[in-house]
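# Topology and contacts: notes
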Amino acid sequence: MSATIQKPKIGIIGTGAIGGFYGVMLAKAGFDVHFLLRSEFSAVAEHGLQLNSAPYGAVTLNPVQAYSSAEDMPLCDWLLVGTKTTGNAALAPTIIKAAAADAKVLLLQNGLDVEDSLRDALPDSLHLLGGLCFICVHRAGPGVIEHQALGAVHLGYHSGPAQAEEPARQQIVEQGAGLFRAAGLDSQAMANLAQARWQKLVWNVPYNGLSVLLGASTTPLMADENSRQLIQALMAEVVQGAQACGYSMPAGYAEHLFKVTEHMPDYWPSMYHDYLNKRPLELAAIYERPLAAAKAAGCSLPKIEALYQALSFIDGRNG
């Protein structure tokens, strides 16, 4: 008789749109998933999590293994962090309380170098990975997640005990990708996390910022010739910045993302939801750090710089 393979214990740190979606999908696939919540704890503990997905239909998870404090959570083998990058500086104590020995911490966040602000505050025994989510999803209310399209996750290893051993790094990344594949989601292991983050910025820089600056979702942005040209110019600058920093882009990558967006359902990017709810915008991760990295490499990105300056003004006035 073959030995039973025990599935890993998975913790979700930040059960918003991203954490809620992937947590529900993993739980429905049979994984042991534990959700950390703050303001929505009572609602989710009482009513569960509701995922309304265009591709997958209505998915209800009830009861939910929900916690209001990391101290109450079991020690988890994988921790999926879906919080905003603006809170990363204070995140380490929560992760440490919920992490099992040799745990893998996966940041499902946008932006460049988001892992760096956490690494020094985490024990050397924890593996730190980055995850790039290609998904149209938003939180519609306490415990309610609306999923319009996509859902792929690209994973890369940042740092930890396996840093010096490439086979070990890739094995861990493949293990993480396997979790999402088991839940029916596309997932790829990325050999170079920094390059993958630059690739994600090709979409995030134009659409997140312009949604706030122009008050427009993707469909009207793609329908107007002026905004189309601005999107393409911003994409081209991201590619230019990546190349200056030593990261090549796949041929036609920006054009591919532009065409994909043309066929997406109308979508309000996450930065617009942050703006609407008067939350701090993720300007450091998505704009400030890429601009600084490009500048250090001798590369000027004037359109991205102008967008960043305008967003900084808006963010300051938004309180």
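Here goes a summary of the coordinates provided. All values reported here derive from a predicted model rather than from experimental measurement. (Residues numbered from 1 in each chain as written. Predicted model: local features only at pLDDT ≥ 70, side-chain atom pairs only at ≥ 80, totals over all residues. Heavy atoms only, no water.)

### Remarks on the pairing of strand β3 (residues 49-53)
Burial of β3 is one-sided: the residues Leu49, Leu51 and Ser53 facing one way are buried, the residues Gln50 and Asn52 facing the other way are not. Taken together, the five bridges between β3 and strand β4 (residues 57-61) define a ladder with antiparallel strand orientation. Residue pairing for β4: Gln50 is matched across the bridge by Thr60. Counting the residues in the hairpin turn of β3 and β4 gives three residues. Bridge count for β3 against strand β9 (residues 144-159) is four bridges, and the pairing is parallel. If you follow Leu51 over to β9, its bridge partner there is Ile145. (Buried < 20%, exposed > 50% of the residue type's maximum accessible area, 1.4 Å probe, protein only. Helix = DSSP H or I, 4+ residues; strand = E, 2+ residues; numbered from the N terminus. Pairing = 2+ DSSP bridges.)

### Looking at the packing of helix α8 (residues 225-244) against helix α9 (residues 253-262)
Between α8 and α9, whose axes approach to 10 Å, the crossing angle comes to 145 degrees. In this structure, the crossing between α8 and α9 has a hand that is right-handed. Facing α8, whose interface residues are Arg228, Ile231, Gln232, Met235 and Val239, α9 presents Ala254, Leu257, Phe258 and Glu262. Classifying every residue of the contact of α8 with α9 gives six nonpolar, one polar and two charged. (Axes fitted to C-alpha atoms, helices over the stretch in contact; angles between N-to-C directions. Left-handed = near helix turned anticlockwise from the far one by under 90°. Contact = heavy atoms within 4.5 Å. Nonpolar A, V, L, I, M, F, W, Y, C, P; charged D, E, K, R; others polar.)

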